[in-house]
Amino acid sequence: TFSSIRIRKLDLSHNKIELLNPRTLGNITQLEFLLLKSNKLNDKFSLNSFSTSLVELDLSGNLIRKIHRYMFSGLISLQKLFLSNNFIEEIDLDAFGIELSKLNRIQLNHNRLRTLKDSQFYNLKSLEYIYLQYNYIESINSKIFNGLFK
């Protein structure tokens, strides 16, 4: 068996993956780009502490309904997060925690979001691009973007 496998980009898009155990890919080191778009991943999916080197994560086109608090914890190098074309209705307040401080782009377009909580993006100090088009958002609270300024 291999002690570690060096892969920078792994594209598993357009498959029928329902569950991805972080241990399955645990010996892949230096993974920077993980593309899982158009699979069957749902709310139970988690990359908790999967890879500290991950820079880009594409989960668009899956079956995700809710972004849980610890779904992305440990992804300290993450800069781009693609979550478009899911069924996301809710995002836990701390889902985008302090560990995602390098995140500069998040795509939440084409989902089912109706409301966003006050300071939803508070910990995302590097965030420059937020895509929220094609949701069901009815109003935006004045505190929604608190803490985004550097």
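In case you missed it, the structure is sitting above this.
Below is a short write-up of the structure. Just so you know, these numbers come straight off a predicted model, no measurement behind them.

Analysis parameters
Residues numbered from 1 in each chain as written. Predicted model: local features only at pLDDT ≥ 70, side-chain atom pairs only at ≥ 80, totals over all residues. Heavy atoms only, no water. Helix = DSSP H or I, 4+ residues; strand = E, 2+ residues; numbered from the N terminus. Rg over C-alpha atoms; globule rule 2.2 N^0.38 Å. Buried < 20%, exposed > 50% of the residue type's maximum accessible area, 1.4 Å probe, protein only. Contact = heavy atoms within 4.5 Å. Areas by Shrake-Rupley, 256 points an atom, 1.4 Å probe, with all protein chains shown as cover. Pairing = 2+ DSSP bridges. Axes fitted to C-alpha atoms, helices over the stretch in contact; angles between N-to-C directions. Salt bridge = Lys/Arg side-chain N within 4 Å of Asp/Glu carboxyl O. Polar contact = N/O pair within 3.5 Å; in protein donor to acceptor, adjacent residues only side chain to side chain. Phe/Tyr/Trp six-rings, centres within 6.5 Å; stacked < 30°, edge-to-face > 60°. Lys NZ or Arg CZ within 6 Å of the ring centre and 35° of its normal.

A count of helical and extended segments in the protein chain gives zero helices and ten strands. Compactness check: the protein chain gives a C-alpha radius of gyration of 15 Å against a globular reference of 15 Å for 150 residues, within 12% of the reference. With the principal axes as the frame, the protein chain shows a C-alpha extent of 55 × 35 × 20 Å. When the 150 residues of the protein chain are sorted by exposure, 43% land in the buried category. Residue pairs at least 24 apart in sequence account for 54% of intrachain contacts in the protein chain once pairs closer than 6 positions are excluded. Working note: accessible area of the protein chain is about 8,400 Å², and carbon and sulfur atoms make up 48% of it.

Our next topic: the sheet that holds strand E2 (residues 9-11). Here six strands make up an open sheet; going across it, the order is E2-E4-E5-E7-E9-E10 and the pairing parallel. Each end of this open sheet is capped by a strand with a single partner; those strands are E2 and strand E10 (129-131). Direction aside, neighbouring strands of the sheet carry axes that sit 0 degrees apart on average. In terms of strand pairing, strand E7 (residues 80-82) meets strand E9 (residues 105-107) through three bridges, oriented parallel. Each bridged residue has a counterpart across the sheet, and for Phe-82 the counterpart in E9 is Gln-107.

Let us look at unusual backbone geometry. Positive phi is not limited to glycine here, since Ser-38 has a value of about 55 degrees. Mapped onto the secondary structure, Ser-38 falls in the loop between strand E4 (33-35) and strand E5 (56-58). Ser-38 gets classed as partly exposed once you look at its relative accessible area, which sits at 27%. One non-glycine residue, Tyr-134, lies in the positive phi region at around 60 degrees. Judged by its relative accessible area of 60%, Tyr-134 falls in the exposed class.

It is worth spelling out the pattern of salt bridges at this point. Overall, the coordinates contain five salt bridges when judged by the stated rule. One salt-bridge network, held together by shared partners, links Lys-66, Glu-90 and Asp-92.

Let's shift gears to the side chain of Ser-73. Within the secondary structure, Ser-73 sits in the loop between strand E6 (66-67) and E7. In terms of polar contacts, Ser-73 uses its side chain to reach the backbone carbonyl oxygen of Tyr-70, at 3.3 Å.

Below, the discussion takes up the environment of Asp-92. As for its position among the elements, Asp-92 is in the loop between strand E8 (90-91) and E9. Distance in space between the C-alpha atoms of Asp-92 and Tyr-70 is 9.2 Å, their sequence separation being 22 residues. Every residue in contact with Asp-92, bar those within four places of it in the chain, is listed here: Lys-66, Ile-67, His-68, Arg-69, Lys-117 and Gln-120.

For the coordinates displayed, the defined rule picks out one aromatic pair. Taking 6.1 Å as the distance between ring centres and 15 degrees as the angle between the ring planes, the aromatic pair formed by Phe-96 and Phe-121 counts as stacked. Note that Phe-96 is positioned in the loop between E8 and E9 and Phe-121 in the loop between E9 and E10, a separation of 25 residues in sequence. Relative accessible area serves as the criterion here: at 1%, Phe-96 is assigned to the buried category. Relative accessible area serves as the criterion here: at 0%, Phe-121 is assigned to the buried category. We note Arg-105 situated over the ring of Tyr-129; from NZ or CZ to the ring centre the distance is 4.5 Å. Its end group placed over the ring of Tyr-122, Lys-125 keeps NZ or CZ at 4.3 Å from the ring centre.

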